[in-house]
Amino acid sequence: MKTTTSPLASSVSIAIKASARGTRAGFAVLDDGAGGAVTFTVLPKPWADGRRTVWANGHLPGSSTHVTLFELDTVVIATEPAVRDRIAQGLLETASTELRSGSQDGYLLERVRLAPADEDAAATATAGTLEDVVRLMLLVKRQRSSFGGAAYQGTPEASLLRIVTQQMFLDEVGRVIGRARPRYRTWTETLTTPRGKLSAQSIALAILTGRPTAESTFDELSTDTDVLRIVLAALRVVATDPAPSALAAIAAPLQSRAIGFARRLDTVTIIDRERALLAFRRLALSPLDHPWKPALDLAAEILSRKAIMPEGREASASHSLTISLYMEKWWEQVLADALRICADHGTVTEQLPVQSPWAGGEGGNADLYFDLGGQTILADAKYKLDESGIGASDGYQLFAYSYMADGPSIGKPEIAAVFYPVRGAATGGTRSVLVRATKPDFHLRLIELTFPSKDDVATDLAWRSYLERLASQIAGALRPIAAVEMVSARQATV
């Protein structure tokens, strides 16, 4: 009797930790050396229930495996020894790239060694999808470009963003393509059997020449509408777009899906990209076409044809890449946007230079400086979870800032706050209050604020709603404090 051997019968495992310092979300592709790849999506830790060790299904050489993790998670991947070694080499390649970029907060992915007890307790990982990448890149979209390379790095980000846009477009098309029904459309043709409204000029010409034709204008049911022509043009772009080899594994399913949708529109006239963009700008949607608007907006973005191939990337022998989003900077930017809604107009300052309390020492930067209700507040954004109070390092940092910070137009701070994120289900609020041990009196407050959920980053409207809620939380936590302390200060003066 012939026995069969499992493809992973001689498998070994490799343990990889995502964002060991818990400050980086991102996306990574590691070539397996056999024509396949292992891709990783690292999502923010506030979206997770807690730290996990997960056991991924075995990776077969030459196949594509996608793993979704949260910051601080560890994944164990079973594969062939040669693939294990190639993945380890890819981790070193991405680490050296991150090191050259000046990263100071660890690597997005690090190889670790698990204790046997940890391996036994590992849970089975659920298969990751491109939807997870969409959520990650929506975080990038909500980030202002003013941070530049300090907050978001990775040469192929344009390629990945474009693929994510294509995924979102195909999702929208899949949602509404079943509603593609024939519509009445006005046609003008020269017919031997006249119908509809006849052109007087063509009738006169027919009488004079004896040609039995007349120009007719009539309404007829057809799926060949401007809306579907634009959608079809974008589908053709998705189906034919080149992608970097490192991203080919996630781009290929999109191309197949776009081809499938295009076949369902085989009666629609094919127009080129430029004509489709022109038609989009001139388009006036009828009430029946309103469900297509999200798909049309994404189609226009795809048809704009931004570069997808990273410059110089294909010349590299390495097929491993990493794209990182620095969550500490991202959280700081979110808070600054919310403060611009609730703080006194024009008073919000980011990264205010603060001198060292020691002569000749190195200074720092206060994250946020603003007025609220006429009182000057110094704030620091900390991307930390499950903190019972203000840590010693944060406390000493704010202690120095409380003496040395001095805004050019606002003046010296009267109170300080540290903003920590909490998971979306929590309501947040003031966690604790520290009173400075030296005179004059100065209070430092730990305030927990709701971190945006996956739904909050999905659309511009949802994001604006989240920022307004966050601004309300900040104002609710600080305005009563400011009012009480102003009264106390007046009483002390009297």
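Residues numbered from 1 in each chain as written. Predicted model: local features only at pLDDT ≥ 70, side-chain atom pairs only at ≥ 80, totals over all residues. Heavy atoms only, no water.

Q: Sorry if this is basic, but what is going on with the nonpolar core here?
A: Most often, soluble globular proteins keep nonpolar side chains buried together rather than apart. Judged by nonpolar contacts, the single largest core of 89 residues is most densely connected at Phe 169, Phe 419 and Ile 474. Counting residues per element, this core draws most heavily on helix H6 (residues 226-240), at ten residues. Those residues in contact with Ile 474 that lie beyond four places of it in its chain are Leu 335, Ala 338, Leu 339, Cys 342, Phe 419 and Leu 449. Counting 19 residues, the second-largest nonpolar core is a separate cluster that includes Ala 28, Val 42, Leu 69 and Val 75. (Core = buried A, V, L, I, M, F, W, Y, C linked by side-chain atoms within 4.5 Å. Buried < 20%, exposed > 50% of the residue type's maximum accessible area, 1.4 Å probe, protein only. Helix = DSSP H or I, 4+ residues; strand = E, 2+ residues; numbered from the N terminus. Contact = heavy atoms within 4.5 Å.)

Q: Hey, could you run me through the environment of Gln 333 in this one?
A: Secondary-structure assignment places Gln 333 in helix H10 (residues 327-342). The exposure class of Gln 333 is buried, given its relative accessible area of 0%. In sequence terms Gln 333 and Asp 367 are 34 residues apart; their C-alpha atoms lie 9.4 Å from each other.

Q: Where do I start with the side chain of Asp 456 in this structure?
A: Position of Asp 456 among the secondary structure elements: in the loop between strand E19 (443-450) and helix H12 (460-493). Within the structure, the side chain of Asp 456 is placed 3.1 Å from the side chain of Arg 469, a separation counted as a polar contact. Once you skip the residues sitting within four places of it in the chain, Asp 456 turns out to touch Ala 462, Trp 463, Tyr 466 and Arg 469. (Polar contact = N/O pair within 3.5 Å; in protein donor to acceptor, adjacent residues only side chain to side chain.)

Q: What is the right way to read the packing of aromatic side chains from this model?
A: Any aromatic ring pair is given by two values, namely how distant the centres are and how the planes are angled relative to each other. Inspection of the entire model under this criterion finds six aromatic pairs. Pairing Tyr 383 with Phe 451 gives two aromatic rings, centres 6.2 Å apart and planes at 50 degrees, and the pair type is tilted. Residue Tyr 383 is found in the loop between strand E16 (375-381) and helix H11 (392-404), and its partner Phe 451 is found in the loop between E19 and H12; the two are separated by 68 residues along the sequence. Considered together, Tyr 383 and Phe 451 belong to a single accessibility category, that of buried residues. One aromatic cluster is present, formed by Trp 330, Trp 331, Tyr 383, Phe 451, Trp 463 and Tyr 466 through successive ring pairs. A cation over an aromatic ring shows up here: Arg 436 above the ring of Tyr 403, its NZ or CZ 4.1 Å from the ring centre. (Phe/Tyr/Trp six-rings, centres within 6.5 Å; stacked < 30°, edge-to-face > 60°. Lys NZ or Arg CZ within 6 Å of the ring centre and 35° of its normal.)

Purely geometric numbers; function is a separate question.
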